[in-house]
Amino acid sequence: MATEGGCGALPDVFISYARSTEDEARQLCAALQSRGYDVWRDDQLPAHLAYGEVIEERLKSAKAVLVVWSLDALRSQWVRAEADAAREAGTLVQLSVDGTMPPMPFNQIQCADLRGWKGEVDSPAWQKVESSVSALVGTPSGVPAQAGKKKDRISICVLPFANMSGDAEQEYFSDGISEDIITDLSKVSALSVVARNTAFTYKGAAIDVKKIAAEQGVSHILEGSVRKAGNRVRITAQLIDGTEGDHVWADRYDRDLDDIFAIQDEISKAIVAALRVKLLPREKKAIEQRGTNSADAYNLYLMARQQWITGNDGNSRRDEVVIRICKQATAVDPDYAQAWALMALAQAELRFRYNKDVDALPAAEKAMELNPSLPEPHCVKARYLQEGGKPEEASRAIATALAIAPESWEANGEAAVLTFKQGRIKDAIPYFEKAVALMDADYHNAGLLVTCYQATGDMAGVQRAAQMVLSRSERAIAQDQSNGAALGYGACSLAVLGEADRAKEWIDRALLIDPENFTMRYNLACALATYLGDNEGAIALLGPYFEEVSPSQLKHCQVDPDMDPVRDHPRFKAMMADAEARHAAA
């Protein structure tokens, strides 16, 4: 058996990590060894053998390969190569120690978040890692077989429920039902549940239950469908054994829409019962908490959030629609905290992005009063503090949002943009990575990730992020041909990837379809200046932008490295000076 510093028998677990996270790797090694696993990492290399030779031998023989993702690991060809070998062999287990999410194609496999972990073996994040290792290794070689016997933790992947309503506009409802069931099951301590973003990568794909279970390392798959018509809803759900492909449980619910919460509770509790898992009283109570008792308010909130996630980013009409729907939801249920919080986010966009006379603080404070555990109100407060010239207080506010909900897409996206605007571009990368990993429809944070990697000289990161932007933009355009924001980001990614002719076609199309989208104009100017070498074309696009630019967007422009190619251009300097003087006077 290999011990720390030795190189004896072949290992149970191989740890792959970047040198900057050696302390974390040592902690992981110690935790696994304390549980009886034989662990190997590269500090155990013997002096008389070739480095590559030993690495390859240990990597191939390990039953589980634990990849420790970090910002530096993303840039390490060794870590990527080892992760790829493990993925091919079916031995990959992933975790992140700084919020950095796995790059493509590893981002389609679940990744535990061990930010701030200090070696506690009872933390839920660590238990998720150990459960995956246990599933691959079985009884640890370092303990007697009898002592190593324990019931494997049950794991489940909830696939996006199919929209059977015959109306693509109802997609928001089936997606919302799927997300809520994932959230409900995640509250059960005895279950390990695949994250929403990973599960949603299978949306619209042909379902091979055994293959998905193997890819995600789960014991069970839940799939289903939703049909909503008027005030009636039909939901079917089936729980399938991921190894055998057999049905464990299935049911169909035909009810009035007013019963939607009861249906969700019944599905979650039926799954728990079918898996013979004990539901603790506090977990039962948590599952039954919906934020509202009104099916109408809930339906409106799902509609508004879908607009927020997939709408035309950079077009103020998206935010106006979100606010209008949320106002209707809060009129139906004045105590619906989530609707108040989403309204506040959209109002903050109108205020700071479009310079509209809108105050987002009342809605944010109302949401915080109703539910102090929501992260969004703290995001709104952080925006006000940042724009008010208080960056340290803003950073504390966003840290509070992340502490409340580390898996929140909104909180990570806001943290990324706030850090970027503070000029700390390298520090913004982990937040952008986490945001795009949490939401598969997020092309705008992915676009800013391209900028960050370009600024830090990581060309591999630039290419990877640009491919992500293009793929997501193409999906968004397929759903809405008039989505100027997606066309703008897609054009930028095409320019980054060297497809200049196609990029120019997309630029022309974007300007024809959505000429008033000034954020899109800015992004197209970035593409022309940074990647297509057309500074004059970029300046021409920026003219209308600077006439409308808000103080917040002006600050972004001042720190954005994509503007560097034209920063000394006389017309650019004049437009920037005019905008600064206008806002100073105001």
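Residues numbered from 1 in each chain as written. Predicted model: local features only at pLDDT ≥ 70, side-chain atom pairs only at ≥ 80, totals over all residues. Heavy atoms only, no water.

Draft legend 1. Here's a closer look at the overall build of the protein chain. What the protein chain contains, in helices and strands, is 27 helices and 11 strands. Over its C-alpha trace the protein chain gives a radius of gyration of 25 Å, about what one expects of a compact globule, namely 25 Å for 586 residues. In terms of principal-axis extent, the alpha carbons of the protein chain reach across some 75 × 65 × 45 Å. By the burial criterion, 56% of the 586 residues in the protein chain qualify as buried. By sequence separation, contacts in the protein chain at least 24 residues apart represent 64% of the contacts at least 6 residues apart. In the structure as shown, the protein chain presents an accessible area of about 24,300 Å², 50% of it carried by carbon and sulfur atoms. Computed over 64 positive and 84 negative side-chain charges, the separation of the two mean positions in the protein chain equals 3 Å. (Helix = DSSP H or I, 4+ residues; strand = E, 2+ residues; numbered from the N terminus. Rg over C-alpha atoms; globule rule 2.2 N^0.38 Å. Buried < 20%, exposed > 50% of the residue type's maximum accessible area, 1.4 Å probe, protein only. Contact = heavy atoms within 4.5 Å. Areas by Shrake-Rupley, 256 points an atom, 1.4 Å probe, with all protein chains shown as cover. Lys, Arg positive; Asp, Glu negative; His and termini not counted. Charge placed at Lys NZ, Arg CZ, Asp CG, Glu CD.)

Draft legend 2. Fine view of the nonpolar core. With 95 residues, the main nonpolar core has Phe 161, Phe 173, Ile 177, Leu 222, Ile 235, Trp 249 and Ile 271 as its most contacted residues. The element contributing the most residues to this core is helix α14 (residues 337-354), with 13 residues. Not counting chain neighbours up to four residues away, the residues in contact with Leu 222 comprise Ile 156, Cys 157, Val 158, Leu 159, Phe 161, Ile 181, Ala 237, Gln 238, Leu 239, Trp 249 and Ile 271. Among the nonpolar cores identified, the runner-up in size contains 80 residues, and Val 79, Ala 491, Trp 506 and Ile 539 belong to it. (Core = buried A, V, L, I, M, F, W, Y, C linked by side-chain atoms within 4.5 Å.)

Draft legend 3. Expanded view of the pattern of salt bridges. Tallied over the entire structure, the rule returns 36 salt bridges. The shortest N-O distance in the salt bridge between Asp 72 and Arg 75 comes to 3.9 Å. The class for Asp 72 is partly exposed, based on a relative accessible area of 32%. Salt-bridge contacts for Glu 474 lead to Arg 502; the nearest nitrogen and oxygen are separated by 3.0 Å. Of this pair, Glu 474 sits in helix α21 (residues 459-479) while Arg 502 sits in helix α23 (residues 500-513), placing them 28 residues apart in sequence. Note on Glu 474: relative accessible area 32%, which makes it partly exposed. Through salt bridges with shared partners, a single network forms among Asp 313, Arg 318, Asp 319, Glu 349, Arg 353, Arg 383 and Glu 414. (Salt bridge = Lys/Arg side-chain N within 4 Å of Asp/Glu carboxyl O.)

Draft legend 4. Layout of the confidence of the model for the protein chain. Looking at the protein chain as a whole, the pLDDT averages 85, with 93% of positions reaching at least 70. Confidence, expressed as mean pLDDT per element, reaches its minimum in the protein chain at helix α6 (residues 145-148) with 39 and its maximum at helix α15 (residues 361-370) with 96. When the criterion is pLDDT under 50, residues 45-51 qualifies, and its contacts beyond four places in sequence or with other chains add up to eight contacts. Overall, residues 144-151 carries pLDDT values under 50, and its contacts beyond four positions in sequence, including any with other chains, amount to eight contacts. (pLDDT = per-residue confidence, 0-100.)

Draft legend 5. Layout of the sheet that holds strand β4 (residues 92-96). With respect to topology, five strands assemble into an open sheet ordered β2-β1-β3-β4-β5, the strand pairing being parallel. With one partner strand each, in any of the chains shown, β2 (39-40) and β5 (111-113) form the two edges of the open sheet. Both β4 and β5 contribute to a ladder of three bridges, which runs parallel. Residue pairing in the sheet places Ser 96 in a bridge with Asp 113 of β5. Most of the contacts of helix α1 (residues 22-34) go to strand β1 (residues 13-16), to which it runs at about 165 degrees, and overall it touches β1, β2, β3 (64-69) and β4. Relative to β4, helix α5 (residues 124-137) is tilted by about 170 degrees, and along the sheet it contacts β1, β3, β4 and β5. (Pairing = 2+ DSSP bridges. Axes fitted to C-alpha atoms, helices over the stretch in contact; angles between N-to-C directions.)

Draft legend 6. Quick peek at the packing of helix α16 (residues 376-387) against helix α17 (residues 391-404). Orientation of α16 relative to α17, taken along the N-to-C sense of each, is 170 degrees, at an axis distance of 8 Å. As summarised for this structure, α16 and α17 are arranged roughly antiparallel, according to the angle between their axes. Residues His 378, Cys 379, Ala 382, Leu 385 and Gln 386 of α16 form the contact with α17, whose participating residues are Pro 391, Glu 393, Ala 394, Ala 397, Ile 398, Thr 400, Ala 401 and Ile 404. (Parallel < 35°, antiparallel > 145°, perpendicular 65-115°, else oblique.)

Draft legend 7. Spatial organisation of the pairing of strand β6 (residues 154-158). Counting buried residues along β6, five of its five residues qualify, which places the element largely inside the surrounding structure. What you see with β6 is no split at all: Ile 154, Ile 156 and Val 158 on one side and Ser 155 and Cys 157 on the other are buried throughout. One ladder, built from three bridges, connects β6 with strand β9 (residues 220-229); its direction is parallel. When the sheet's bridge partners are listed, Ile 156 is paired in β9 with His 220.

Draft legend 8. Quick peek at α17. Between its first and last C-alpha, α17 extends 20 Å over 14 residues, near the 20 Å set by a 1.5 Å rise per residue. Those residues of α17 that sit buried are Ala 394, Ala 397, Ile 398, Ala 401 and Leu 402. Down the axis of α17, the buried set is contained in an arc of 140 degrees. They therefore lie on one face. Exposed side of α17, more than 90 degrees from the buried face: Glu 392, Arg 396 and Ala 403 are the residues found there. As for α17, its buried residues are in contact with α16, α18 (409-421) and α19 (425-438). (Expected span 1.5 Å × (residues − 1). Arc of directions from axis to C-beta.)

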